[in-house]
Amino acid sequence: MPWGLAFLPGGDALVSGRETALVKRVTPNGEVTTVGRVPGVAPAGEGGLLGLAVSSRYAKDRLLYAYLTAEDDNRVVRMRVGDGLSAPEVLLSGISKASNHDGGRLAFGPDGMLYVSTGDAGEGDAAQDRASLSGKILRIRPDGHVPADNPFPGSPVWSYGHRNVQGLAFDADGRLWAGEFGQQTYDELNLIRRGGNYGWPVVEGPGGGDRYFDPVATWRPTSTASPSGVAWVRDTVFLAALAGEALLAVPVPAGAAGKPQAYEQGRYGRLRTVAVAPDGSLWVTTSNTDGRGDPRSGDDRILRVTLRPAG
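Below is a summary of the structure that appears in this document. (Residues numbered from 1 in each chain as written. Predicted model: local features only at pLDDT ≥ 70, side-chain atom pairs only at ≥ 80, totals over all residues. Heavy atoms only, no water.)

This next bit is on unusual backbone geometry. With an omega dihedral of 5°, the bond running from Trp 200 to Pro 201 counts as a cis peptide bond. With respect to the secondary-structure elements, Pro 201 resides in the loop between β16 (187-192) and β17 (217-219). Unlike most non-glycine residues, Ala 121 shows phi in positive territory, near 55°. Tracing the backbone through its elements, the reader meets Ala 121 in the loop between β11 (114-117) and β12 (136-140). Residue classification places Ala 121 among the buried positions, given a relative accessible area of 12%. (Helix = DSSP H or I, 4+ residues; strand = E, 2+ residues; numbered from the N terminus. Buried < 20%, exposed > 50% of the residue type's maximum accessible area, 1.4 Å probe, protein only.)

Structure below.
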(Lines give C-alpha, C1' and ligand atoms only; values in the text may rest on other atoms or scores of the structure.)
Protein backbone atom coordinates (compact mmCIF):
# COMPACT_ATOMS: atom_id res chain seq x y z
CA MET A 1 0.00 0.00 0.00
CA PRO A 2 2.36 2.79 -1.13
CA TRP A 3 1.22 6.10 0.33
CA GLY A 4 3.88 8.79 0.82
CA LEU A 5 6.51 9.63 -1.81
CA ALA A 6 9.33 12.15 -1.45
CA PHE A 7 12.26 12.74 -3.80
CA LEU A 8 15.89 12.86 -2.75
CA PRO A 9 18.26 15.42 -4.34
CA GLY A 10 19.76 12.82 -6.70
CA GLY A 11 16.41 11.76 -8.18
CA ASP A 12 15.66 8.62 -6.14
CA ALA A 13 12.43 8.56 -4.15
CA LEU A 14 11.56 7.40 -0.66
CA VAL A 15 8.19 5.64 -0.50
CA SER A 16 6.17 4.66 2.57
CA GLY A 17 4.10 1.47 2.98
CA ARG A 18 0.91 2.21 4.90
CA GLU A 19 0.55 -1.23 6.44
CA THR A 20 4.16 -2.40 6.58
CA ALA A 21 5.61 0.85 8.05
CA LEU A 22 8.54 0.31 5.68
CA VAL A 23 10.35 3.10 3.89
CA LYS A 24 11.73 1.96 0.55
CA ARG A 25 14.09 3.69 -1.85
CA VAL A 26 13.17 3.62 -5.54
CA THR A 27 15.51 4.72 -8.33
CA PRO A 28 14.37 6.27 -11.64
CA ASN A 29 15.21 2.88 -13.19
CA GLY A 30 12.78 1.12 -10.87
CA GLU A 31 15.29 -0.52 -8.54
CA VAL A 32 13.85 -0.96 -5.02
CA THR A 33 15.70 -1.31 -1.73
CA THR A 34 14.47 -1.12 1.87
CA VAL A 35 15.72 1.82 3.96
CA GLY A 36 14.09 0.74 7.22
CA ARG A 37 10.93 0.25 9.24
CA VAL A 38 9.42 3.11 11.24
CA PRO A 39 8.67 1.95 14.81
CA GLY A 40 5.50 2.87 16.65
CA VAL A 41 3.17 2.68 13.64
CA ALA A 42 -0.25 1.18 14.42
CA PRO A 43 -1.99 0.69 11.05
CA ALA A 44 -5.77 0.44 11.15
CA GLY A 45 -8.44 1.52 8.68
CA GLU A 46 -7.03 4.41 6.66
CA GLY A 47 -4.20 4.99 9.15
CA GLY A 48 -0.63 3.76 9.16
CA LEU A 49 2.59 5.14 7.75
CA LEU A 50 1.30 7.92 5.50
CA GLY A 51 2.94 11.06 4.11
CA LEU A 52 6.67 11.68 3.72
CA ALA A 53 8.70 14.84 3.18
CA VAL A 54 12.43 15.32 2.75
CA SER A 55 14.29 18.19 4.42
CA SER A 56 15.22 21.06 2.11
CA ARG A 57 18.74 20.63 3.55
CA TYR A 58 18.75 16.87 3.08
CA ALA A 59 22.24 16.77 1.57
CA LYS A 60 23.54 18.04 4.92
CA ASP A 61 21.08 16.86 7.56
CA ARG A 62 19.68 13.64 5.97
CA LEU A 63 16.30 14.24 7.65
CA LEU A 64 13.10 12.49 6.61
CA TYR A 65 9.72 13.63 7.95
CA ALA A 66 6.75 11.27 8.26
CA TYR A 67 3.07 11.40 9.24
CA LEU A 68 2.02 8.23 11.03
CA THR A 69 -0.77 6.66 13.03
CA ALA A 70 0.34 5.58 16.50
CA GLU A 71 -1.59 3.70 19.18
CA ASP A 72 -3.38 6.79 20.48
CA ASP A 73 -3.11 9.48 17.82
CA ASN A 74 -1.72 10.63 14.49
CA ARG A 75 1.62 12.42 14.69
CA VAL A 76 4.48 13.96 12.74
CA VAL A 77 7.99 12.64 13.31
CA ARG A 78 11.41 13.06 11.79
CA MET A 79 14.27 10.57 11.36
CA ARG A 80 17.79 10.63 10.03
CA VAL A 81 18.47 8.44 7.01
CA GLY A 82 21.77 6.60 7.11
CA ASP A 83 22.43 2.92 7.46
CA GLY A 84 18.74 2.48 8.16
CA LEU A 85 16.54 4.99 10.01
CA SER A 86 17.27 6.68 13.33
CA ALA A 87 14.71 6.56 16.15
CA PRO A 88 11.79 8.89 15.34
CA GLU A 89 11.71 12.30 17.02
CA VAL A 90 8.11 13.37 17.64
CA LEU A 91 7.50 16.92 16.39
CA LEU A 92 3.70 17.12 16.64
CA SER A 93 1.28 14.74 18.35
CA GLY A 94 -2.33 14.71 19.51
CA ILE A 95 -3.91 14.65 16.04
CA SER A 96 -7.10 12.60 16.35
CA LYS A 97 -7.07 9.17 14.67
CA ALA A 98 -9.99 7.12 13.40
CA SER A 99 -10.73 4.30 11.01
CA ASN A 100 -11.10 6.93 8.30
CA HIS A 101 -10.40 10.62 7.64
CA ASP A 102 -6.84 10.60 8.95
CA GLY A 103 -5.42 13.09 6.43
CA GLY A 104 -1.69 12.51 6.30
CA ARG A 105 0.04 14.55 3.59
CA LEU A 106 3.24 16.52 4.26
CA ALA A 107 4.82 19.26 2.14
CA PHE A 108 7.58 21.77 2.71
CA GLY A 109 6.71 25.24 1.48
CA PRO A 110 9.00 27.77 -0.19
CA ASP A 111 9.07 29.52 3.20
CA GLY A 112 10.88 26.50 4.67
CA MET A 113 7.92 25.55 6.86
CA LEU A 114 6.31 22.11 7.01
CA TYR A 115 2.63 21.93 6.06
CA VAL A 116 0.56 19.03 7.41
CA SER A 117 -2.91 17.94 6.32
CA THR A 118 -5.26 16.30 8.81
CA GLY A 119 -8.72 14.77 8.53
CA ASP A 120 -11.72 15.36 10.75
CA ALA A 121 -11.43 11.76 12.11
CA GLY A 122 -15.16 11.35 11.50
CA GLU A 123 -16.08 14.27 13.80
CA GLY A 124 -17.16 17.01 11.41
CA ASP A 125 -17.62 19.71 14.05
CA ALA A 126 -13.94 19.44 15.01
CA ALA A 127 -13.02 20.93 11.63
CA GLN A 128 -14.56 24.25 12.74
CA ASP A 129 -12.93 24.14 16.19
CA ARG A 130 -9.60 25.96 15.98
CA ALA A 131 -8.55 24.40 19.29
CA SER A 132 -8.63 20.98 17.60
CA LEU A 133 -5.98 19.72 15.15
CA SER A 134 -8.60 17.76 13.19
CA GLY A 135 -9.84 18.87 9.78
CA LYS A 136 -7.00 21.33 9.30
CA ILE A 137 -3.91 22.24 7.36
CA LEU A 138 -1.18 22.85 9.93
CA ARG A 139 2.07 24.80 9.59
CA ILE A 140 5.07 24.11 11.79
CA ARG A 141 8.77 24.84 11.74
CA PRO A 142 11.09 21.97 10.78
CA ASP A 143 11.86 21.50 14.50
CA GLY A 144 8.15 21.19 15.32
CA HIS A 145 7.68 24.62 16.92
CA VAL A 146 4.87 26.97 15.91
CA PRO A 147 5.99 29.82 13.62
CA ALA A 148 5.46 33.29 15.05
CA ASP A 149 3.65 34.44 11.89
CA ASN A 150 0.95 31.75 11.93
CA PRO A 151 -2.56 33.27 11.74
CA PHE A 152 -3.64 32.16 15.22
CA PRO A 153 -1.01 32.93 17.88
CA GLY A 154 0.55 29.86 19.42
CA SER A 155 -1.42 27.50 17.17
CA PRO A 156 -0.13 25.33 14.30
CA VAL A 157 -3.46 25.85 12.46
CA TRP A 158 -2.96 27.45 9.03
CA SER A 159 -6.45 26.80 7.57
CA TYR A 160 -9.52 24.97 8.83
CA GLY A 161 -12.96 23.68 7.89
CA HIS A 162 -11.54 20.68 5.98
CA ARG A 163 -13.09 17.21 5.81
CA ASN A 164 -10.10 15.11 4.75
CA VAL A 165 -7.16 16.59 2.85
CA GLN A 166 -4.74 14.05 1.37
CA GLY A 167 -3.05 16.24 -1.24
CA LEU A 168 -0.84 19.33 -0.89
CA ALA A 169 1.29 21.06 -3.54
CA PHE A 170 2.88 24.48 -3.99
CA ASP A 171 2.96 26.28 -7.32
CA ALA A 172 5.68 28.52 -8.78
CA ASP A 173 4.19 31.56 -7.03
CA GLY A 174 4.27 29.86 -3.63
CA ARG A 175 0.52 29.29 -3.48
CA LEU A 176 -0.72 26.15 -1.73
CA TRP A 177 -3.20 23.83 -3.45
CA ALA A 178 -5.11 21.09 -1.62
CA GLY A 179 -7.32 18.23 -2.73
CA GLU A 180 -10.19 17.26 -0.45
CA PHE A 181 -12.58 14.31 -0.23
CA GLY A 182 -16.25 15.22 -0.29
CA GLN A 183 -19.03 13.34 1.46
CA GLN A 184 -22.14 13.12 -0.72
CA THR A 185 -21.97 16.10 -3.05
CA TYR A 186 -18.56 17.51 -3.97
CA ASP A 187 -14.89 16.64 -3.90
CA GLU A 188 -12.82 19.83 -3.93
CA LEU A 189 -9.67 21.44 -5.24
CA ASN A 190 -8.89 24.38 -2.97
CA LEU A 191 -6.46 27.28 -3.12
CA ILE A 192 -5.40 27.68 0.50
CA ARG A 193 -5.29 31.09 2.19
CA ARG A 194 -3.65 31.92 5.48
CA GLY A 195 -6.26 31.55 8.23
CA GLY A 196 -8.97 30.56 5.74
CA ASN A 197 -12.14 28.67 6.68
CA TYR A 198 -13.18 26.15 4.00
CA GLY A 199 -16.62 25.43 5.38
CA TRP A 200 -16.81 21.78 6.39
CA PRO A 201 -19.21 20.55 7.78
CA VAL A 202 -21.41 23.63 7.34
CA VAL A 203 -21.02 23.70 3.57
CA GLU A 204 -19.70 21.17 1.04
CA GLY A 205 -18.51 22.55 -2.28
CA PRO A 206 -19.38 26.11 -3.42
CA GLY A 207 -21.91 28.45 -1.86
CA GLY A 208 -20.08 29.45 1.30
CA GLY A 209 -20.78 33.17 0.88
CA ASP A 210 -18.52 35.67 2.63
CA ARG A 211 -17.74 33.42 5.58
CA TYR A 212 -16.10 30.48 3.77
CA PHE A 213 -13.72 30.10 0.85
CA ASP A 214 -15.23 28.31 -2.14
CA PRO A 215 -13.27 25.59 -3.92
CA VAL A 216 -11.61 26.35 -7.25
CA ALA A 217 -13.00 23.14 -8.79
CA THR A 218 -15.37 20.36 -7.70
CA TRP A 219 -16.34 16.81 -8.74
CA ARG A 220 -18.86 14.20 -7.68
CA PRO A 221 -17.07 12.23 -4.96
CA THR A 222 -17.76 8.61 -5.82
CA SER A 223 -17.82 8.21 -9.60
CA THR A 224 -15.35 10.81 -10.83
CA ALA A 225 -12.63 11.67 -8.37
CA SER A 226 -12.02 11.06 -4.66
CA PRO A 227 -8.72 12.94 -5.00
CA SER A 228 -5.76 12.02 -2.83
CA GLY A 229 -2.32 13.23 -3.99
CA VAL A 230 -1.79 16.60 -5.68
CA ALA A 231 1.05 17.94 -7.84
CA TRP A 232 1.53 21.21 -9.73
CA VAL A 233 3.28 21.56 -13.10
CA ARG A 234 3.18 24.55 -15.49
CA ASP A 235 -0.16 26.09 -14.41
CA THR A 236 -1.79 22.67 -14.12
CA VAL A 237 -2.80 20.84 -10.96
CA PHE A 238 -2.67 17.04 -11.23
CA LEU A 239 -4.75 14.95 -8.82
CA ALA A 240 -4.53 11.20 -8.22
CA ALA A 241 -8.11 9.94 -8.09
CA LEU A 242 -9.03 6.85 -6.08
CA ALA A 243 -12.67 6.12 -6.90
CA GLY A 244 -12.26 7.86 -10.26
CA GLU A 245 -9.27 5.62 -11.09
CA ALA A 246 -7.66 8.39 -13.15
CA LEU A 247 -5.02 11.07 -13.17
CA LEU A 248 -6.94 14.34 -13.31
CA ALA A 249 -5.37 17.44 -14.87
CA VAL A 250 -6.91 20.82 -14.04
CA PRO A 251 -5.54 23.95 -15.72
CA VAL A 252 -5.35 26.76 -13.17
CA PRO A 253 -3.93 29.86 -14.88
CA ALA A 254 -4.22 32.87 -12.56
CA GLY A 255 -5.84 30.61 -9.95
CA ALA A 256 -9.03 29.97 -11.94
CA ALA A 257 -9.86 26.41 -12.95
CA GLY A 258 -10.32 25.35 -16.55
CA LYS A 259 -11.95 22.15 -17.77
CA PRO A 260 -10.46 19.08 -16.04
CA GLN A 261 -9.23 16.17 -18.13
CA ALA A 262 -8.94 12.56 -16.98
CA TYR A 263 -6.00 10.44 -18.12
CA GLU A 264 -5.61 6.64 -18.03
CA GLN A 265 -9.06 6.26 -16.48
CA GLY A 266 -9.61 2.70 -15.27
CA ARG A 267 -6.33 1.43 -16.73
CA TYR A 268 -4.35 1.09 -13.49
CA GLY A 269 -7.11 1.18 -10.88
CA ARG A 270 -7.10 3.44 -7.84
CA LEU A 271 -4.42 6.16 -7.82
CA ARG A 272 -3.16 7.47 -4.46
CA THR A 273 -0.17 9.78 -4.85
CA VAL A 274 1.25 11.99 -7.59
CA ALA A 275 4.55 13.86 -7.25
CA VAL A 276 6.88 15.81 -9.53
CA ALA A 277 10.30 14.20 -9.96
CA PRO A 278 13.50 16.25 -10.33
CA ASP A 279 13.53 15.41 -14.07
CA GLY A 280 10.03 16.91 -14.52
CA SER A 281 8.18 13.62 -14.87
CA LEU A 282 5.28 12.62 -12.64
CA TRP A 283 5.44 9.57 -10.38
CA VAL A 284 2.04 8.11 -9.56
CA THR A 285 1.29 5.32 -7.07
CA THR A 286 -1.61 2.92 -7.38
CA SER A 287 -3.69 1.91 -4.36
CA ASN A 288 -5.39 -1.34 -5.25
CA THR A 289 -4.22 -3.36 -2.22
CA ASP A 290 -5.73 -0.94 0.31
CA GLY A 291 -8.84 -3.04 0.94
CA ARG A 292 -11.04 -1.01 -1.40
CA GLY A 293 -9.44 -1.75 -4.73
CA ASP A 294 -9.39 -4.74 -7.04
CA PRO A 295 -5.78 -5.94 -7.00
CA ARG A 296 -4.31 -7.36 -10.16
CA SER A 297 -1.01 -9.08 -10.86
CA GLY A 298 1.87 -6.70 -10.07
CA ASP A 299 -0.09 -4.35 -7.78
CA ASP A 300 0.68 -2.04 -6.23
CA ARG A 301 2.82 -0.05 -8.65
CA ILE A 302 4.69 3.19 -9.12
CA LEU A 303 4.03 4.67 -12.56
CA ARG A 304 6.25 7.22 -14.29
CA VAL A 305 4.47 9.71 -16.58
CA THR A 306 6.39 11.91 -19.02
CA LEU A 307 4.65 15.19 -19.74
CA ARG A 308 4.54 16.62 -23.25
CA PRO A 309 5.88 20.17 -23.72
CA ALA A 310 3.17 22.85 -23.87
CA GLY A 311 1.97 23.54 -27.41
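To continue, consider the sheet that holds strand β22 (residues 271-276). Working definition: the strands of a sheet are paired by backbone hydrogen bonds and lie parallel or antiparallel to each other. If you walk across this open sheet you meet the three strands as β22-β23-β24, and the pairing is antiparallel. This sheet does not close on itself; its edge strands, each paired only once, are β22 and β24 (302-305). Neighbour to neighbour, the strand axes of the sheet diverge by 20° on average, direction disregarded. With four bridges joining them, strand β23 (residues 282-286) and β24 adopt antiparallel strand pairing. Across the sheet, Val 284 pairs through a bridge with Leu 303, a residue of β24. (Pairing = 2+ DSSP bridges. Axes fitted to C-alpha atoms, helices over the stretch in contact; angles between N-to-C directions.)

Once that is clear, we can look at the sheet that holds strand β10 (residues 106-108). Across the sheet, four strands lie side by side as β10-β11-β12-β13; this open sheet has antiparallel pairing. Since the sheet does not close on itself, it has two edges, and those belong to β10 and β13 (157-160), each with one partner. Adjacent strand axes in the sheet meet at a mean angle of 20° when their direction is disregarded. In this sheet, β11 lies alongside β10 in antiparallel orientation, the contact comprising three bridges. When the bridges of β11 are listed, Phe 108 appears paired with Leu 114.

Here the focus is the pairing of strand β3 (residues 22-26). Both strand β2 (residues 13-17) and β3 contribute to a ladder of four bridges, which runs antiparallel. When the sheet's bridge partners are listed, Ala 13 is paired in β3 with Val 26. If you look at the hairpin formed by β2 and β3, you'll find four residues sitting between the two strands, and Ala 21 has a positive phi there, around 65°. As paired strands, β3 and strand β4 (residues 32-37) are joined by five bridges and run antiparallel to one another. Each bridged residue has a counterpart across the sheet, and for Val 23 the counterpart in β4 is Gly 36. Here β3 folds back onto β4, and the loop between the two strands holds five residues, one of which, Gly 30, carries a positive phi near 90°.

Most of β2 sits out of view: five of its five residues are buried. Pairing analysis gives four bridges linking strand β1 (residues 2-7) to β2, with the strands arranged antiparallel. Within β2, the residue paired with Pro 2 across the bridge is Gly 17. The hairpin formed by β1 and β2 contains five residues between the paired strands, and Gly 11 there has a positive phi angle of roughly 110°.

Once that is clear, we can look at the environment of Pro 227. With respect to the helices and strands, the residue Pro 227 is situated in strand β18 (residues 227-233). For the pair Pro 227 and Gln 166, spaced 61 residues apart in sequence, the C-alpha separation works out to 7.6 Å.

Describing an aromatic ring pair means giving the distance of the ring centres and the angle of the ring planes. Inspection of the entire model under this criterion finds six aromatic pairs. Put simply, the rings of Tyr 115, Trp 158 and Phe 170 pair up and form one aromatic cluster. The ring of Trp 200 has Arg 163 sitting right over it, with the charged end atom 5.4 Å from the ring centre. (Phe/Tyr/Trp six-rings, centres within 6.5 Å; stacked < 30°, edge-to-face > 60°. Lys NZ or Arg CZ within 6 Å of the ring centre and 35° of its normal.)

Attention shifts here to the pattern of salt bridges. The tally for this structure, following the rule as stated, stands at 16 salt bridges. Taking the shortest distance from any N to any O, the salt bridge between Arg 292 and Glu 46 comes out at 2.9 Å. Residue Arg 292 is found in the loop between β23 and β24, and its partner Glu 46 is found in the loop between β4 and β5 (49-54); the two are separated by 246 residues along the sequence. The exposed category is assigned to Arg 292, whose relative accessible area is 56%. Glu 264 is the partner of Arg 267 in a salt bridge, and the nearest nitrogen-oxygen pair spans 3.2 Å. (Salt bridge = Lys/Arg side-chain N within 4 Å of Asp/Glu carboxyl O.)

Turning next to the side chain of Asn 150. Considering the arrangement of structural elements, one finds Asn 150 in the loop between β12 and β13. Overall, Asn 150 belongs to the buried group, its relative accessible area being 4%. A polar contact of 2.8 Å, which involves the side chain of Asn 150, links it to the side chain of Arg 139. Contact partners of Asn 150, with chain neighbours within four places excluded, come to Arg 139, Ser 155, Pro 156, Val 157, Trp 158 and Arg 194. (Polar contact = N/O pair within 3.5 Å; in protein donor to acceptor, adjacent residues only side chain to side chain. Contact = heavy atoms within 4.5 Å.)

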